[in-house]
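Take a look at the letters that make up each chain.
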2 protein chains.
Amino acid sequence: MNELTWSKGEKAAARWAFDKAYRNECAAFMKEVKAMARELREPEDLWKLQDSLGGRLKEISEKYDYRYSVLIFVFARLLREGWLAEGDLDGLGKDKIERIRNILGAIV
Amino acid sequence: MNELTWSKGEKAAARWAFDKAYRNECAAFMKEVKAMARELREPEDLWKLQDSLGGRLKEISEKYDYRYSVLIFVFARLLREGWLAEGDLDGLGKDKIERIRNILGAIV
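This write-up is about the structure you can find in this document.

We now examine helix 3 (residues 71–80) of chain B. All names here are of chain B. For helix 3, the tally of buried residues reaches seven of ten residues, placing the bulk of the element in the interior. Considered for burial, the residues of helix 3 that qualify are L71, I72, V74, F75, A76, L78 and L79. Phi turns positive one or two residues past the end of helix 3, at G82, with a value near 85°.

Once that is clear, we can look at the nonpolar core. In terms of nonpolar packing, the biggest core is built from 69 residues, with F75 of chain A together with F75 of chain B touching the most fellow members. Within the residue set of this core, elements represented by two or more residues are helix 1 (8–38), helix 2 (43–63), helix 3 (71–80) and helix 4 (94–107) of chain A together with helix 1 (8–38), helix 2 (43–63), helix 3 and helix 4 (94–107) of chain B. Excluding residues that lie within four positions of it along the chain, F75 of chain B makes contacts with A14, A17, F18, L84, L89, L92 and I100 of chain B.

Right, let's talk about the relation of the copies chain B and chain A for a bit. Of the transformation placing chain B onto chain A, the axial shift is 0.0 Å and the rotation is 180°, giving an RMSD of 0.0 Å. Taken together, the rotation and translation relating the two chain copies correspond to the operation of a two-fold axis.

Bringing the packing of helix 1 of chain A against helix 3 of chain A into the picture now. Residue and element names in this part refer to chain A. Contact geometry of helix 1 with helix 3 gives a least axis separation of 11 Å together with a crossing angle of 40°. One finds that helix 1 runs oblique with respect to helix 3. Seen from above, helix 1 lies across helix 3 with left-handed handedness. Seen from helix 1, the contacting residues are A14, A17, F18 and A21; seen from helix 3, they are L71, V74, F75 and L78.

With that settled, the discussion passes to the pattern of salt bridges. Scanning all chains against the criterion turns up 32 salt bridges over all chains. Between E25 of chain B and R56 of chain B there is a salt bridge; the shortest N-O distance is 3.4 Å. Here the residue E25 of chain B occupies a position in helix 1, and R56 of chain B occupies one in helix 2, the gap between them amounting to 31 residues. Of the two residues, E25 of chain B and R56 of chain B, neither departs from the other in class, the shared state being buried. The network of salt bridges with common partners includes E25, E32, R56, E59, K63, R77 and E81 of chain A.

Moving on: the interface of chain B and chain A. Counting from both sides, the interface comprises 23 residues of chain B and, opposite them, 23 residues of chain A. Of the roughly 2,100 Å² buried at the junction of chain B and chain A (both faces included), carbon and sulfur atoms supply 73%. Of all residues in chain B, M30, L46 and W47 of chain B bury the most surface against chain A, accounting for 28% of the area lost on that side. The interface formed by chain B and chain A contains two salt bridges.

Where helix 2 of chain A meets helix 2 of chain B, the closest approach of the two axes is 10 Å, and the angle between their N-to-C directions is 140°. With respect to their mutual orientation, helix 2 of chain A and helix 2 of chain B come out oblique. Handedness of the helix 2 of chain A/helix 2 of chain B crossing: left-handed. For the pair formed by helix 2 of chain A and helix 2 of chain B, the contact residues are L46, W47, L49, Q50, L53, G54, L57, I60 and S61 of chain A on the first element and L46, W47, L49, Q50, L53, G54, L57, I60 and S61 of chain B on the second. The class makeup of the residues in the contact of helix 2 of chain A with helix 2 of chain B is twelve nonpolar, six polar and no charged.

Scanning all chains against the criterion turns up ten aromatic pairs over all chains. Ring geometry for F18 of chain A against Y64 of chain A: centres 5.5 Å apart, planes inclined by 80°, an arrangement best described as edge-to-face. Of this pair, F18 of chain A sits in helix 1 while Y64 of chain A sits in the loop between helix 2 and helix 3; the two residues are 46 residues apart in sequence, bridging distant segments of the chain. Centroid distance Y22 of chain B to Y64 of chain B: 5.2 Å. Interplanar angle 75°. Geometry classified as edge-to-face. Of the two residues, Y22 of chain B sits in helix 1 while Y64 of chain B sits in the loop between helix 2 and helix 3, which places them 42 residues apart along the sequence. Residue Y22 of chain B is classed as partly exposed on the basis of its relative accessible area, which comes to 25%. Residue classification places Y64 of chain B among the buried positions, given a relative accessible area of 10%. An aromatic cluster of three or more residues is present, and its members are W6, F18, Y22, Y64, Y66 and Y68 of chain A.

Conventions we followed
Residues numbered from 1 in each chain as written. Chains lettered and ligands numbered in written order. Predicted model: local features only at pLDDT ≥ 70, side-chain atom pairs only at ≥ 80, totals over all residues. Heavy atoms only, no water. Buried < 20%, exposed > 50% of the residue type's maximum accessible area, 1.4 Å probe, protein only. Helix = DSSP H or I, 4+ residues; strand = E, 2+ residues; numbered from the N terminus. Core = buried A, V, L, I, M, F, W, Y, C linked by side-chain atoms within 4.5 Å. Contact = heavy atoms within 4.5 Å. Least-squares fit on C-alpha atoms with pLDDT ≥ 70 in both. Axes fitted to C-alpha atoms, helices over the stretch in contact; angles between N-to-C directions. Parallel < 35°, antiparallel > 145°, perpendicular 65-115°, else oblique. Left-handed = near helix turned anticlockwise from the far one by under 90°. Salt bridge = Lys/Arg side-chain N within 4 Å of Asp/Glu carboxyl O. Buried area = accessible area lost by both parts, 1.4 Å probe. Nonpolar A, V, L, I, M, F, W, Y, C, P; charged D, E, K, R; others polar. Phe/Tyr/Trp six-rings, centres within 6.5 Å; stacked < 30°, edge-to-face > 60°.

Shown next, in the form of structure tokens:
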């Protein structure tokens, strides 16, 4: 994937989409955490909450990797998981959209 | 402290007080966590919650050490922090109560 070149406009569009997905996913997870916290009853629930929080935040940290060398794969994953809609990537060139579609095709 | 001996009755009383303090402290912390969760707004708040949760749970794990060799110190700390009242330790012998008072005197 290293041979893809990103124009200034594409970089801005990519950053926008990346941040949008990140905020979407974090907002959804915040809702889950609020619900888990409301359900806290027993001491051991605190440790369960810590495990859930730690596991998902680690996953989020690893997923949101903004290096141009992996960004196509990141966007494919975010589309597949529903954190982005295809229209969110309108600012990217056709070469990149096609690559993303190919990756999604290979996954599905 | 190793030379203290614990009767069966004292062991039961110690376990009861220890568990009571643990439940008290966890219940108070659960209230804090529920309040922190209600205040979640931005993605970074999730990481702050993780840090708070991890720090306090580590502290709790280390504090609640039920070895008879350290229990007198644990009870002194729990009294000082308000997770136990002195009456909660009524089932312990005078030798132990005195030791706890001495430790508290040395701390204050």
